[in-house]
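Below, each chain spelled out in residue letters.
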Amino acid sequence: KNQVEQSPQSLIILEGKNCTLQCNYTVSPFSNLRWYKQDTGRGPVSLTIMTFSENTKSNGRYTATLDADTKQSSLHITASQLSDSASYICVVSPRGLSNFGNEKLTFGTGTRLTIIP
Amino acid sequence: KAGVTQTPRYLIKTRGQQVTLSCSPISGHRSVSWYQQTPGQGLQFLFEYFSETQRNKGNFPGRFSGRQFSNSRSEMNVSTLELGDSALYLCASSLRASGGEQGQFFGPGTRLTVL
């Protein structure tokens, strides 16, 4: 069964500090992996997308890495800001997801990040 | 370009009632997918519509249904509500089926509380 596990479940850090969130998956064959940011009461917003051939993708202070061999991804946040407080969700797409295959997307349950001043 | 809009944003119902949620996708997007999000389960796929036809359905009971109109707007209906239906219901639209290269764009969700 395809699974995506994220760790930690929750994290509290001081404003200005860096942090790293983890995503381990068992989806195979693998096509791409996305990281989403979800503010409380809002819908998820895409941060990065990486295909199986990419190792690193950056979006401002957010840097995602991917190791397709170990099936692990991480999201590193640099110089955290109060606005980074949100849930971060990892979503994996299997290869062969061509038409009408959204049911095959596997979502992690997310990491709840809280930034304190 | 306006994002995905969902109405209503909050809803309180009692067990046994039915509810209809609405989603307006980004202009030009033809694919609309619905998800249920609960704290313990994360996002779970309900169904996907493309060109007014349901193309895909997740593992939910028949009480959950939906439809899509010619302007790509979509509605989701839940009949005979149960306490366990309390959740955030998210709608996501995309230009192509199943997101395509650009992926899906999510709406703010409708928070449904069943008492």
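Further up the page is the structure itself.
No experiment lies behind these values; they were computed from the predicted model shown.

Sheets are built from strands paired through backbone hydrogen bonds, the pairs being either parallel or antiparallel. All names here are of chain B. The four strands are arranged β1-β3-β8-β7 in an open sheet whose pairing can be described as antiparallel. Of all the strands in the sheet, just β1 (5-7) and β7 (64-68) have a single pairing partner and so form its edges. On average, adjacent strands in this sheet sit at an angle of 20° to one another, irrespective of strand direction. Relative to strand β8 (residues 74-78), β7 is paired through five bridges, and the arrangement is antiparallel. Looking across to β8, one finds that G66 is bridged to M76.

Glancing now at the packing of aromatic side chains. Scanning the model with the defined rule gives seven aromatic pairs over all chains in all. A ring pair is formed by Y36(A) and F106(B), whose centres lie 5.5 Å apart and whose planes are at 90°; its orientation type is edge-to-face. Within this pair, whereas Y36(A) is found in strand β4 (residues 30-38), its partner F106(B) is found in strand β10 (residues 105-106), the two belonging to separate chains. A relative accessible area of 3% places Y36(A) in the buried class. The exposure class assigned to F106(B) is buried, which follows from its relative accessible area of 10%. Plain terms: the ring middles of Y35(B) and F45(B) are 5.8 Å apart, the flat faces sit at 70° to each other, and that makes the pair edge-to-face. On the criterion of sequence distance, the pair formed by Y35(B) in strand β4 (residues 31-38) and F45(B) in strand β5 (residues 42-50) is long-range, its members being 10 residues apart.

Conventions we followed
- Residues numbered from 1 in each chain as written.
- Chains lettered and ligands numbered in written order.
- Predicted model: local features only at pLDDT ≥ 70, side-chain atom pairs only at ≥ 80, totals over all residues.
- Heavy atoms only, no water.
- Pairing = 2+ DSSP bridges.
- Helix = DSSP H or I, 4+ residues; strand = E, 2+ residues; numbered from the N terminus.
- Axes fitted to C-alpha atoms, helices over the stretch in contact; angles between N-to-C directions.
- Phe/Tyr/Trp six-rings, centres within 6.5 Å; stacked < 30°, edge-to-face > 60°.
- Buried < 20%, exposed > 50% of the residue type's maximum accessible area, 1.4 Å probe, protein only.

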